[in-house]
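Each chain is listed here by its residues.
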Amino acid sequence: MAGSRLEKFGTVFTRVRDLMRSGVIQRAEKPIWYDVFQAFPPRRDPLHVKPRSRASSKKQETVPDIFYREDEIRAKFYEQYGVGPRALDLTKSTFVSTCQRFVDKYTELQSHRELEESALFEETGKALLSEGIVLRRRGAPPVSAESKDPVLKLKLTDMLAEQQSTGSHNKETMEDPTQTKLIDPSYSNTIS
């Protein structure tokens, strides 16, 4: 408790001087500034006076709310889509949240096109879906894993069988009959 009142009783110089007299601080351990202060003392001793403030003169400082345009987009995103299925990974310095990707795409589309805000919001969602980021609206059923595009339903085995059947029609002369080479007409490379 006395530590909080030390500045009221004497100066740093008088306290160090008294500690040296009592033997707490040895003469060899005295501070560097002690001899200079003793040789050239100030004209007035430094006095600590705690500033008093009047309760009536103290003005209430209010910090204004700071909102950016991106904050409005984020608020609408979280209102419509929620937080998302997975937590934010703050351990990676390069991690970009789905919301931040949405805001970036929104501002990009906004600079390129002149659309209404609601249409721009929908276009941003579609653009992210085309990039592979699935956004799920709050309360909406989950997106089905099946795609409506028939090209995406093809299986790898079907694709290979189709390539082999078209490749047998387009085979060029083989140098080694034990090695089968297929030539794809769309590529100039050969597959071994």
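Counting of residues starts from 1 at the beginning of each chain's written sequence and follows it residue by residue. In keeping with the model being predicted, local features are shown solely for residues with a pLDDT of at least 70 and side-chain atom pairs are shown and tallied solely at 80 or more, while totals for entire chains, interfaces and linings include all residues. Just so you know, side-chain values use all the structure's heavy atoms and leave hydrogens and water out.

### Some details on the confidence of the model for the chain
Right, on to step 1. Looking at any residue, its pLDDT shows the predictor's confidence there, from 0 to 100. Averaged over every residue, the pLDDT of the chain is 76; residues scoring 70 or more account for 69%.
Right, on to step 2. Of all helices and strands in the chain, the one with the weakest mean pLDDT is strand β2 (residues 190-191) (50), whereas helix α2 (residues 33-39) scores best (93).
Right, on to step 3. For this analysis, residues touch if any pair of their heavy atoms sits within 4.5 Å. Long-range and interchain partners of residues 172-176, a stretch whose pLDDT sits below 50, account for 5 contacts in this model, where long-range means more than four residues apart. Labels follow the DSSP assignment, with helices taken as runs of H or I lasting at least four residues and strands as runs of E lasting at least two, numbered in each case from the N terminus.

### Looking at the side chain of Lys105
Right, on to step 1. Summarising the element assignment, Lys105 is placed in helix α4 (residues 98-112).
Right, on to step 2. Categorising residues by exposure relies on relative accessible area from a 1.4 Å probe, with only protein chains included: less than 20% of the type maximum marks a residue as buried, more than 50% marks it as exposed, and the intermediate range marks it as partly exposed. The class of Lys105 is buried, set by a relative accessible area of 14%.
Right, on to step 3. Lys105 has contacts with Thr124, Ala127, Leu128 and Glu131, leaving out every residue within four places of it along the chain.

### Let's talk about the packing of helix α3 (residues 69-81) against helix α5 (residues 117-130)
Right, on to step 1. Between α3 and α5, the least distance of the axes is 12 Å, while the angle of their chain directions is 65 degrees. When the axes of α3 and α5 are compared, the pair comes out roughly perpendicular. The two elements α3 and α5 cross, and the hand of that crossing is right-handed. Between α3 and α5, the residues in contact are Arg69, Ile73, Lys76, Phe77, Gln80 and Tyr81 and Glu117, Ser118, Phe121 and Glu122, respectively.
Right, on to step 2. Residues were grouped as follows: Ala, Val, Leu, Ile, Met, Phe, Trp, Tyr, Cys and Pro as nonpolar; Asp, Glu, Lys and Arg as charged; and all remaining residues, including Gly, as polar. Grouping the constituent residues of the contact of α3 with α5 by class yields 4 nonpolar, 2 polar and 4 charged. Note on geometry: axes are C-alpha line fits, over the in-contact stretch for helices, and angles between N-to-C directions span 0 to 180 degrees. Under this scheme an angle from 65 to 115 degrees is roughly perpendicular, one under 35 degrees roughly parallel, and one over 145 degrees roughly antiparallel; angles in between are oblique. Rotating anticlockwise by less than a right angle from the far helix to the near helix defines a left-handed crossing, while the corresponding clockwise rotation defines a right-handed one.

### Description of the nonpolar core
Right, on to step 1. In this structure, Phe77, Tyr81, Phe102, Tyr106 and Leu135 are the most contacted members of the largest nonpolar core, which totals 14 residues.
Right, on to step 2. Secondary-structure elements contributing two or more residues to this core are α3, α4 and α5.
Right, on to step 3. Sort the elements by how many residues they give to this core and α4 lands first, with 5 residues.
Right, on to step 4. Residues in contact with Phe102, not counting those within four places in the same chain, are Ile73, Phe77, Tyr81, Phe121, Thr124, Gly125, Leu128 and Leu135.
Right, on to step 5. What makes a nonpolar core is a set of buried Ala, Val, Leu, Ile, Met, Phe, Trp, Tyr and Cys residues whose side-chain atoms join them at distances within 4.5 Å. By size, the runner-up hydrophobic cluster in this structure holds 5 residues, among which are Phe13, Met20, Ile25 and Tyr34.

### A closer look at the packing of α4 against α5
Right, on to step 1. Look at α4 against α5: their axes get within 9 Å of each other, and the N-to-C directions meet at 120 degrees. The angle between α4 and α5 falls in the class oblique. Crossing geometry of α4 relative to α5 is assigned as right-handed. Across the interface between the two elements, Arg101, Phe102, Lys105, Tyr106, Leu109 and Gln110 from α4 touch Glu117, Leu120, Phe121, Glu123, Thr124, Gly125, Ala127 and Leu128 from α5.
Right, on to step 2. Broken down by class, the residue content of the contact of α4 with α5 amounts to 7 nonpolar, 3 polar and 4 charged.

### Structural notes on the side chain of Thr11
Right, on to step 1. Relative to the elements of secondary structure, Thr11 occurs in the segment before α1 (12-22).
Right, on to step 2. Note on Thr11: relative accessible area 13%, which makes it buried.
Right, on to step 3. For Thr11, the contacting residues outside a window of four places in its chain are Asp45 and Pro46.

### Examining the pattern of salt bridges
Right, on to step 1. For this analysis, a salt bridge means a side-chain nitrogen from Lys or Arg found within 4 Å of a carboxyl oxygen belonging to Asp or Glu. Counted under the stated rule, the structure contains 10 salt bridges.
Right, on to step 2. Linking Lys105 and Glu108 is a salt bridge whose minimum nitrogen-to-oxygen distance equals 3.9 Å. Of this pair, Lys105 and Glu108 both sit in helix α4, 3 residues apart, which is roughly one turn of the helix.
Right, on to step 3. Classification of Glu108 as partly exposed rests on a relative accessible area of 37%.
Right, on to step 4. What you see here is one network of salt bridges that share partners, running through Arg17, Asp18 and Arg21.

### Description of the packing of aromatic side chains
Right, on to step 1. Under the pairing criterion, centres of Phe, Tyr and Trp rings, with the six-membered ring standing for Trp, must be within 6.5 Å; the plane angle then separates stacked pairs below 30 degrees from edge-to-face pairs above 60, leaving the rest tilted. Tallied over the entire structure, the rule returns 12 aromatic pairs.
Right, on to step 2. Taking 6.5 Å as the distance between ring centres and 65 degrees as the angle between the ring planes, the aromatic pair formed by Tyr106 and Phe121 counts as edge-to-face. Remark: Phe121 occurs in helix α5 and Tyr106 occurs in helix α4; sequence separation between them is 15 residues. By the burial criterion, Tyr106 is buried, and Phe121 matches it.

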